[in-house]
Amino acid sequence: MPQIKKKGAQSDFFGDVYEVVRLIPKGRVTSYGAIAHYLGLKSSARMVGWAMHTCPKGVPAHRVVNSAGMLSGKHAFKTPTTMELLLKKEGVKVQNDKIQRFKDIFWDPAKELEL
DNA sequence: CTGATGACGTGTG
DNA sequence: ACACACGCCATCA
């Protein structure tokens, strides 16, 4: 098949990811798997991470972490501390590159948006 | 067009 | 409980 991909035509999946991430309330966080599952790609959490890597401005990617609540993508920011700093600024307790009380501030799109 | 890579998640040993 | 391997889909070289 002739890879008929339009230049810069990111799949709607990406746009959807950005939309969900943008809807994350301040002081809350979610995981790649949750977003992937919400979009139907339950097993493709990797793609979510990739979407974050290519995240356009306006997308609080710092509110998205892995299932362990660890700031795995902090290296994608200008400085490795930007992500942690932003989270702390929003009231999220972060220590050792890990979100404290992660389970408590976890924001599940499939649940919150469905409500 | 093929191959390799990547902000992850889940299952098995 | 910890360590390793596979799956998943899109982008880059």
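Refer to the structure printed above.
So, here's what we can say about the structure.

1. So, the overall build of chain A
Along the backbone of chain A there are 6 helices and 4 strands. Helices and strands appear in chain A in the N-to-C order α-β-α-α-β-α-β-β-α-α. Taking 13 Å as the expected radius of gyration for a compact globule of 115 residues, we find that chain A reaches 14 Å, a close match to that expectation. Along the first, second and third principal axes, the C-alpha atoms of chain A reach 50 × 35 × 20 Å. Going through the 115 residues of chain A one by one, you find that 35% of them count as buried. Pairs at least 24 residues apart make up 64% of the contacts formed inside chain A by residues separated by at least 6 positions. A total of about 7800 Å² of accessible surface is found on chain A, and carbon and sulfur atoms cover 54% of it.

2. Quick word on the protein's contact with DNA strand C
Among the 8 residues in the neighbourhood of DNA strand C, the closest are listed as Ser43, Ser44, Arg46, Met47 and Trp50. The sugar-phosphate backbone supplies 65% of the atoms of DNA strand C found within 4 Å of the protein. Take Ser44: an N or O atom from its side chain is 3.2 Å from a sugar or linking oxygen of DNA strand C. In this structure, Arg46 approaches DNA strand C through a side-chain N or O atom, which is 2.9 Å from a base oxygen. The dominant element in the surface near DNA strand C, judged by the number of residues it contributes, is helix α3 (residues 45–53), at 3 residues. Tallied by class, residues from the surface near DNA strand C come to 4 nonpolar, 3 polar and 1 charged.

3. Quick look at the nonpolar core
Within the largest apolar cluster, 17 residues are counted, with the highest numbers of intra-cluster contacts made by Val17, Val21, Ile35, Val48, Met52 and Val64. At the level of secondary structure, the elements contributing two or more residues to this core comprise α1 (12–23), α2 (32–39) and α3. When residues in this core are grouped by element, the largest group, 6 residues, is from α1. For Val17, the contacting residues outside a window of four places in its chain are Ile35, Leu39, Val48, Ala51 and Met52. Membership of the second largest hydrophobic core comes to 10 residues, among which are Val29, Val65, Leu87 and Phe102.

The rules we used
- Residues numbered from 1 in each chain as written.
- Chains lettered and ligands numbered in written order.
- Predicted model: local features only at pLDDT ≥ 70, side-chain atom pairs only at ≥ 80, totals over all residues.
- Heavy atoms only, no water.
- Helix = DSSP H or I, 4+ residues; strand = E, 2+ residues; numbered from the N terminus.
- Rg over C-alpha atoms; globule rule 2.2 N^0.38 Å.
- Buried < 20%, exposed > 50% of the residue type's maximum accessible area, 1.4 Å probe, protein only.
- Contact = heavy atoms within 4.5 Å.
- Areas by Shrake-Rupley, 256 points an atom, 1.4 Å probe, with all protein chains shown as cover.
- Near = heavy atom within 4 Å.
- Polar contact = N/O pair within 3.5 Å; in protein donor to acceptor, adjacent residues only side chain to side chain.
- Nonpolar A, V, L, I, M, F, W, Y, C, P; charged D, E, K, R; others polar.
- Core = buried A, V, L, I, M, F, W, Y, C linked by side-chain atoms within 4.5 Å.

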